[in-house]
Amino acid sequence: MENNNGKGIFYGVIGVATLVVAIIGATFAYFSATATNNNVIQGTAATVGLNLSVDKVSTDAAGGLIPMNNADIAKGLKGDATTGSKMCVDKNGNTVCQVYSITVNNTGSSAAIVNGTLNITATGYANLKWQLLDGTGPDALSTNSTYNPVSTTTLVNGTTLAANNGSATYYIMIWISNLDSDQTSTDTGSFTGSVTFNSGDGAGISATFS
């Protein structure tokens, strides 16, 4: 009987020891598996960054502006055939308008909805006008019927720029509206412009031209 009890105690101890080892093994395996997953869920915050450039497109029109009839702005944009159909150059070689391209670029990692404004300040001009042109490039530009006086005006509103260098380009035309009278004292001077774009998250950028 004592021998059997000894065997029972021995087997009991072995059983408990085996259970402890199994529990330790399972616990180690659990913690080991958990440790290998510590870096599975991670990420970075999306960003929005804007770049803006303004460039003169009517490079052949190098002189000072002379007045032009509003009805002739489409002709002025295309230029006269007698002077090589140079943009904003009339048949006498005079500069009748200026055309600028405005390109806004989203360098961020998320799409951005942007609003743009144009502010033109004129010194010595009483009849300076501008308009946003239709079309997607210098060779496809056309005019519309919306004339804007010198002021701060909405250029575009609610434009979506794709992430990672999504961009949009706009063209504006500036001219002096002809009054069919002497405008020497009312339309001789200089003008400057500033373009500003802002995104919904507060990111903004501006550029100037003259």
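Residues numbered from 1 in each chain as written. Predicted model: local features only at pLDDT ≥ 70, side-chain atom pairs only at ≥ 80, totals over all residues. Heavy atoms only, no water.

An account of the sheet that holds strand β4 (residues 128-132) is needed here, citing residue identities and associated values.
Sheet architecture is open: five strands sit in the order β1-β2-β7-β4-β5, paired in antiparallel fashion. In this open sheet, the two edge strands, each paired with only one partner strand, are β1 (50-56) and β5 (148-149). (Pairing = 2+ DSSP bridges. Helix = DSSP H or I, 4+ residues; strand = E, 2+ residues; numbered from the N terminus.)

I'd like a description of the packing of aromatic side chains, backed by residues and values.
Per the stated rule, a full pass over the model turns up four aromatic pairs. Between Y147 and W175 the ring centres are 5.5 Å apart and the planes differ by 85 degrees, which places this aromatic pair in the edge-to-face class. Of this pair, Y147 sits in the loop between β4 and β5 while W175 sits in strand β7 (residues 166-176), and the two are 28 residues apart along the sequence. Classification of Y147 by relative accessible area gives partly exposed; the value is 34%. A relative accessible area of 0% places W175 in the buried class. (Phe/Tyr/Trp six-rings, centres within 6.5 Å; stacked < 30°, edge-to-face > 60°. Buried < 20%, exposed > 50% of the residue type's maximum accessible area, 1.4 Å probe, protein only.)

Could you give me a rundown of the sheet that holds strand β8 (residues 187-199), with the residues and numbers involved?
Strand order across the open sheet formed by four strands is β6-β3-β8-β9, with antiparallel pairing between neighbours. Each edge of the open sheet is held by one strand with a lone partner, namely β6 (152-161) and β9 (204-209). Strand after strand, the sheet turns through a mean of 15 degrees between neighbouring axes, direction not considered. Pairing of β8 with β9 involves six bridges; the strand directions are antiparallel. Bridging across to β9, F197 finds its partner in I205. (Axes fitted to C-alpha atoms, helices over the stretch in contact; angles between N-to-C directions.)

Explain the state of the cysteines residue by residue, including any values.
With the rule as written, the count across this model stands at one disulfide. The disulfide partner of C88 is C97, and the S-S distance across this bridge is 1.9 Å. In this structure the cystine formed by C88 and C97 twists about its S-S bond by roughly -100 degrees; its chirality is therefore left-handed. Assessed through its relative accessible area of 0%, C88 is described here as buried. (Disulfide = S-S within 2.5 Å.)

Hey, could you go over the pairing of β4 for me, with residue numbers and the actual values?
It is a general feature of regular strands that their side chains alternate between the two faces of the sheet. Here β4 lies mainly inside the structure; four of its five residues are buried. Here β4 runs beside β7; their pairing, made up of five bridges, is antiparallel. In the sheet register, Q131 faces β7, and the bridge partner there is M173. Pairing analysis gives two bridges linking β4 to β5, with the strands arranged antiparallel. Along β5, the bridge assignment pairs K129 with P149.

Please set out the environment of T208 residue by residue, giving values where relevant.
Note on placement: T208 falls in strand β9. Judged by its relative accessible area of 63%, T208 is exposed. Between the C-alpha atom of T208 and that of V195, which follows or precedes it by 13 residues, the distance is 6.2 Å. Setting aside chain neighbours within four positions, we find T208 in contact with G193 and S194. (Contact = heavy atoms within 4.5 Å.)

Please set out the pairing of β7 residue by residue, giving values where relevant.
For β7, the tally of buried residues reaches nine of 11 residues, placing the bulk of the element in the interior. Relative to β7, strand β2 (residues 98-106) is paired through nine bridges, and the arrangement is antiparallel. Opposite N105, over in β7, you have S167 as the bridge partner.

Can you break down the confidence of the model for the chain residue by residue, with the values?
Confidence in the prediction of the chain, expressed as mean pLDDT, is 80, and 76% of residues score 70 or more. Of all the helices and strands in the chain, helix α1 (residues 2-35) carries the lowest mean pLDDT, 47, while helix α2 (residues 73-78) carries the highest, 94. (pLDDT = per-residue confidence, 0-100.)

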